Amino acid sequence: MSGQGDGDDRGTQVEVVFNDAIHGHMRLHGLLVAIINTPQFHRLRDIKQLGGSYYVYPAASHNRFEHCIGVAYLAGELVETLRQKQPKLDISEKEALCVKVAGLCHDLGHGPFSHAFDGMFLPKAMEDDDEYKKDKSKYEHEYFSGLLFDTLYDENRGIFEKEGLEKDECEFIKELINPPERGKEVCLQGKKSFLYEIVSNKANGIDVDKWDYFLRDCHGLGLTCGFQLRRLMDNIKVMKTDDNLYHLCFAIKTRDNIMEMFYTRNFLHRKAYQHKKCKAVELMIRDALLESDLGNELCEAVKNMESKPQDYQKITDSFVNDSGLDLIVRIQKGELYELVADEKVPNKPNKRSADFERLNEERETAIKRKKQEYPESSGFTYHEAVFDFGNKDSNPLARVQFYEKDEIVEQDEDYQLYPRHWMETRLRVYKK
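For every chain, the first residue of the written sequence is number 1, and numbering continues from 1 onward in sequence order. At least 70 in pLDDT is required for a residue's local features to be given in this predicted model, at least 80 for side-chain atom pairs to be given and counted, and no such filter applies to totals for whole chains, interfaces and linings, which use all residues. Note that water and hydrogens are dropped before the side-chain values are worked out from all heavy atoms of the structure.

1. Quick notes on the overall build of the chain
How we decide: Helix and strand assignments come from DSSP, with helices taken as H or I runs of at least 4 residues and strands as E runs of at least 2, each series counted from the N terminus. Each radius of gyration reported is based on C-alpha atoms, and the globular scaling rule is 2.2 Å times the count of residues to the power 0.38. Under the scheme applied here, a residue whose accessible area is under 20% of the maximum for its type counts as buried, over 50% as exposed, and between as partly exposed, the area being computed with a 1.4 Å probe on protein chains only.
When you go through the chain residue by residue, the secondary structure sums to 19 helices and 9 strands. The C-alpha atoms of the chain give 22 Å as radius of gyration, which agrees with the globular expectation for 432 residues (22 Å, within 12%). Expressed along its principal axes, the backbone C-alpha trace of the chain runs to roughly 65 × 55 × 40 Å. Put simply, the chain has 432 residues, and 54% of those count as buried.

Shown next as structure tokens:
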């Protein structure tokens, strides 16, 4: 989309309406439109939302670009709903705008093929790097998003300042993108700290980011999405809970709908995010980069992000697709790694479990046995696929706060929609 006006005048433009395949007509604040028209945001047009899944599902061609716009829209819808229904929360215009900007910019830091980059390539490429071992959180896309947002803000300071967003608000936006543990927030504490749960909800995993990508991914994959977004949004209330913090709470009547949302998450992981062929593609992308100078170049761009963010901004899917690397060419020819084994293995145990040592030894033994059967030296590689409902081996609803009228209520532990198991881990072996 082209900008309206020149230079800093971008911050004064009126709202713009986008027609979206998922949410219909989305009205966005002029500052958001100005951000969309920056190089940092424009690069998201060339980063596939579903990484390697596009090679398996030909209609899953959507990018981080449209997803981020959708999240910004939903963030605005939710924060404005709260302002209307609970005016005593006293959410200011500036705070509401910060939430919308955070929704828009939350994925600025994604690398080529989205999670295949920071979830598969970087952990392998950087495993012996001292800085990586010291703090792995600085090598995740949420942290990268904060760094690129700093650059975006510095290069376009005028359009932010015209809306009253100074450096302090910039730090608040970065915290909204990558929230600290609840109760340890720096920029905003107390009664309004529930704002940290809108874009990235670390408390229970229910946020506008997931709402958009569940709906958008199902649409692109041709799958049915099993929860009602508007019903959830219309039944949210901010309440003080037993931990003495203010949280986004849901009406107890939405419990079925929320459980369907968690089932949708599990369904998408099985059908797309960790589909056996989708993972074959992403393993090949990982190996192509690990075995080439291009991979070293990407690692250097990551290490130098704070001093030379422009190098990272150049890295998109095309940067890899046009490389001519042998494994990338094989992907484009459909010559994928072959799945030769897919075996259930014990789940990774909770470190706080009394039986941790025994359970972990059983798990490691099972994995070691399979790897001895299919050794790396003979051209095999592995992927551990973990399927859960958003809370590892526990009930995801246990983290959700429900209310009835104006009181927090307990849940029925014998709920009929519960599955037999909350988590499954499978070790997959591929022949290169």
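2. Observations regarding the sheet that holds strand β6 (residues 380–388)
Short version of the rule: Strands are treated as partners if at least two bridges between them are detected by DSSP. Think of each axis as a best-fit line through the C-alpha atoms, taken over the contacting stretch in the case of a helix, with angles from 0 to 180 degrees between the N-to-C directions. Contacts: residue pairs with any heavy atoms within 4.5 Å of one another.
Here we have 3 strands laid out as an open sheet, ordered β5-β9-β6, and antiparallel in their pairing. Two strands close off the open sheet at either side, each with one partner strand: β5 (338–345) and β6. Averaged over all pairs of adjacent strands, the angle between their axes in this sheet comes to 25 degrees, without regard to strand direction. Inspection of the sheet shows β6 paired to strand β9 (residues 423–431) by 9 bridges, in the antiparallel sense. When the sheet's bridge partners are listed, glutamate 384 is paired in β9 with leucine 427. Relative to the sheet, helix α19 (residues 356–373) contacts β5, β6 and β9, its axis offset from that of β9 by approximately 20 degrees.

3. Points about the side chain of glutamine 40
Filter applied, for reference: Counted as a polar contact is a pair of N or O atoms within 3.5 Å, where, for protein atoms, one must be capable of donating a hydrogen and the other of accepting one, and residues adjacent in sequence contribute only when both atoms are in side chains.
Mapped onto the elements of the fold, glutamine 40 is located in helix α2 (residues 39–42). A distance of 3.3 Å separates a polar atom in the side chain of glutamine 40 from a polar atom in the side chain of glutamine 313. Not counting residues within four places of it along the chain, the set of residues in contact with glutamine 40 comprises Leu108, Leu148, Thr151, Leu152, Glu155 and Gln313.

4. A few points about the side chain of serine 292
Secondary-structure assignment places serine 292 in the loop between α14 (276–290) and α15 (293–303). Residue classification places serine 292 among the buried residues on the basis of a relative accessible area of 11%. A polar contact is formed between the side chain of serine 292 and the backbone oxygen of alanine 288, at a distance of 3.0 Å.

5. Overview of the pattern of salt bridges
Put simply, the test is: Basic side-chain nitrogens of Lys or Arg form a salt bridge, by our definition, when they fall within 4 Å of a carboxyl oxygen of Asp or Glu.
Counted according to the given criterion, the structure contains 34 salt bridges. Salt-bridge contacts for lysine 133 lead to aspartate 130; the nearest nitrogen and oxygen are separated by 3.9 Å. With lysine 133 and aspartate 130 both in helix α6 (residues 130–134), this residue pair falls 3 residues apart, about one helical turn. Across the pair glutamate 300 and lysine 303 runs a salt bridge, and its minimum N-O distance is 3.9 Å. With glutamate 300 and lysine 303 both in helix α15, this residue pair falls 3 residues apart, about one helical turn. Accessibility expressed as a relative area gives 40% for glutamate 300, which makes it partly exposed. The class of lysine 303 is partly exposed, set by a relative accessible area of 41%. Residues participating in the shared-partner salt-bridge network are Arg270, Asp342, Glu424, Arg426 and Arg428.

6. Topic: the sheet that holds strand β8 (residues 407–409)
Consider a sheet: its strands pair through backbone hydrogen bonds, and that pairing is either parallel or antiparallel. Here 4 strands make up an open sheet; going across it, the order is β3-β4-β7-β8 and the pairing mixed. Strand pairing shows two members of the sheet lacking a second neighbour, β3 (236–240) and β8, which therefore form its edges. Here the strands of the sheet are splayed against their neighbours by 55 degrees on average, with no regard to which way each runs. Two elements, strand β7 (residues 402–404) and β8, share 3 bridges in a ladder whose sense is antiparallel. Note on β8: the bridge partner recorded for glutamate 404 is glutamate 407.

7. Re helix α4 (residues 93–105)
This is how the line gets drawn: The span one expects for a helix is its residue count, reduced by one, times 1.5 Å.
Its 13 residues place the ends of α4 18 Å apart at the C-alpha level, agreeing with the 18 Å of an ideal helix rising 1.5 Å per residue. Counting buried residues along α4, 11 of its 13 residues qualify, which places the element largely inside the surrounding structure. Buried within α4 are the following residues: Glu95, Ala96, Leu97, Cys98, Val99, Lys100, Val101, Ala102, Gly103, Leu104 and Cys105.

Just geometry here; none of it tells us what the structure is for.
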